[in-house]
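# Tertiary structure, described
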Amino acid sequence: MIVIVSVLFLSACGKTNFKAESKETIDAVKETLNEKAKKTNKTSGNINFYLPFGYEILEESPNNIILKNGSKQYILFNNPQENKVSDVVYKSTVAQNKDLDINQQFKKNNQFGYLIIKKLEEDMNEMTIGIGGTKITTLIKTSSLKNEAAVMTQIVKSVVNEK
């Protein structure tokens with residue numbers, strides 16, 4: 001009986017934790033989207049972007065850049081044909097993912113931003129943050145959603161396509 005009650009209690013705590021953390025994550029993305037874009041400090045192909053200290057480029061292809069920070073990896077996708085108000089990349093991302101736990105859109109300041117989170121396992125999530133034709137995706141623990149979201153939004157917001 002004690003084991004059953006413990007399992008129920010722990011699973012309830014996990015759901016509350018995700019709910020609280022995802023609300024804070026939405027707020028962090030919204031706040032970062034309203035900030036001025038960080039100055040670009042990296043170039044890959046025809047795009048320039050900001051990469052925080054500790055992050056490095058692992059692999060590059062025309063539309064995808066694999067980034068690494070410690071043991072975490074990120075995929076930065078850029079479609080240079082789409083501007084910052086386009087919803088094409090967002091719509092295709094949502095169409096590929098069913099049962100999303102968070103699907104938040106932000107339309108302001110001549111940009112279309114979005115946050116998508118899909119719970120995968122007990123404490124792991126797939127998080128995608130995008131603006132127009134650019135998005136970044138990673139696998140992340142629930143407890144790190146808010147902090148990672150702010151940094152990921154800074155990276156996406158900074159992307160500039162060379163003409």
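The structure under discussion appears in the preceding block.
Worth saying up front: this structure is predicted, and the values here are computed from it rather than measured. Sequence order sets the numbering: in each chain, residues are counted from 1 along the sequence as written. Per-residue local features of the predicted model are confined to residues with pLDDT of at least 70, and side-chain atom pairs are confined, for both listing and counting, to 80 or more; whole-chain, interface and lining totals are unaffected and use all residues. By convention in this description, side-chain values take in all heavy atoms of the structure and omit both hydrogens and water.

## Overview of the environment of Asn17
Structurally, the position occupied by Asn17 is in helix 1 (residues 2–33). As a C-alpha pair, Asn17 and Ser143 span 126 residues in sequence and 7.9 Å in three-dimensional space. Secondary structure counts use DSSP, requiring at least four H or I residues in a row for a helix and at least two E residues in a row for a strand, with both numbered from the N terminus.

## Here we look at the pairing of strand 9 (residues 134–141)
Here the term buried applies to any residue with accessible area under 20% of the maximum for its type, exposed to any over 50%, and partly exposed to those in between, with areas from a 1.4 Å probe on protein chains only. Counting buried residues in strand 9 gives six out of eight residues, a clear majority hidden from the surface. Being paired, for any two strands, means DSSP has found at least two bridges between them. The pairing of strand 5 (residues 72–78) with strand 9 spans five bridges and is antiparallel. Residue pairing in the sheet places Ile75 in a bridge with Thr137 of strand 9. With eight bridges joining them, strand 8 (residues 124–131) and strand 9 adopt antiparallel strand pairing. The residue bridging Glu126 from the neighbouring strand is Leu139, located in strand 9.

## Some thoughts on empty space enclosed by the protein
Here a cavity means grid points, on a 1 Å grid over the protein atoms only, where a 1.4 Å probe fits yet cannot get out; a pocket means an open set of points with protein on both sides within 12 Å along at least five of seven lines; lining residues are those with an atom within 4 Å of a point. Grid points are joined across faces, edges and corners, and a volume is the space filled by probe spheres set on the points. Per the stated rule, a full pass over the model turns up one cavity of 30 Å³ or more. What lines the largest cavity is simply Thr32, Glu35, Lys36, Ala37, Lys38, Gln154 and Lys157. Charged residues are taken to be Asp, Glu, Lys and Arg, nonpolar residues to be Ala, Val, Leu, Ile, Met, Phe, Trp, Tyr, Cys and Pro, and polar residues to be all remaining types, Gly included. Split into classes, the residues belonging to the lining of the largest cavity amount to one nonpolar, two polar and four charged.

## Considering the sheet that holds strand 4 (residues 64–69)
Judged by pairing direction, the sheet is antiparallel, and its seven strands sit side by side in the order 3-4-5-9-8-7-6 without closing on themselves. Two strands in the sheet have a free side with no partner beyond their single neighbour: strand 3 (56–60) and strand 6 (102–108). Taken pair by pair, the neighbouring strands of this sheet meet at an average axis angle of 20°, ignoring direction. Summarising the sheet, strand 7 (residues 111–119) and strand 8 pair through seven bridges and their orientation is antiparallel. Residue pairing for strand 8: Tyr114 is matched across the bridge by Gly130. Docked against the sheet, helix 2 (residues 88–96) engages strand 5, strand 6, strand 7, strand 8 and strand 9, running at close to 15° with respect to strand 7. Along the sheet face, helix 3 (residues 145–158) touches strand 4, strand 5, strand 7, strand 8 and strand 9 and points at about 30° away from the line of strand 8. Whenever a helix is involved, its axis is fitted only over the stretch in contact; in every case the axis is a line through C-alpha atoms, and angles between N-to-C directions fall within 0 to 180 degrees. In what follows, a contact means two residues having at least one pair of non-hydrogen atoms within 4.5 Å.

## Some remarks on the environment of Asn147
By secondary structure assignment, the location of Asn147 is in helix 3. Asn147 sits 122 residues away from Thr25 along the chain, and the two C-alpha atoms are 7.7 Å apart.

## Side note on the packing of aromatic side chains
Only centres within 6.5 Å qualify two rings of Phe, Tyr or Trp (six-membered ring in Trp) as a pair; their planes then separate them into stacked at under 30 degrees, edge-to-face at over 60, and tilted for everything else. Enumeration over the complete set of coordinates arrives at four aromatic pairs. Ring centres of Tyr55 and Tyr74 lie 5.4 Å apart, and the angle between their planes is 40°; on these two criteria the pair is classed as tilted. With a gap of 19 residues between them, Tyr55 in the loop between strand 2 (47–49) and strand 3 and Tyr74 in strand 5 connect regions that are remote in the sequence. The exposure class of Tyr74 is buried, given its relative accessible area of 1%. One aromatic cluster is present, built from ring pairs that chain together Tyr90, Phe112 and Tyr114. Against the face of Phe18 rests Lys119, its NZ or CZ located 4.7 Å from the ring centre. Positioned over the ring face of Phe77 is Lys135, at 5.8 Å from the centre of the ring. As a reminder, the over-ring test applies to NZ of lysine and CZ of arginine, requiring each to be within 6 Å of the ring centre and within 35 degrees of the ring normal.

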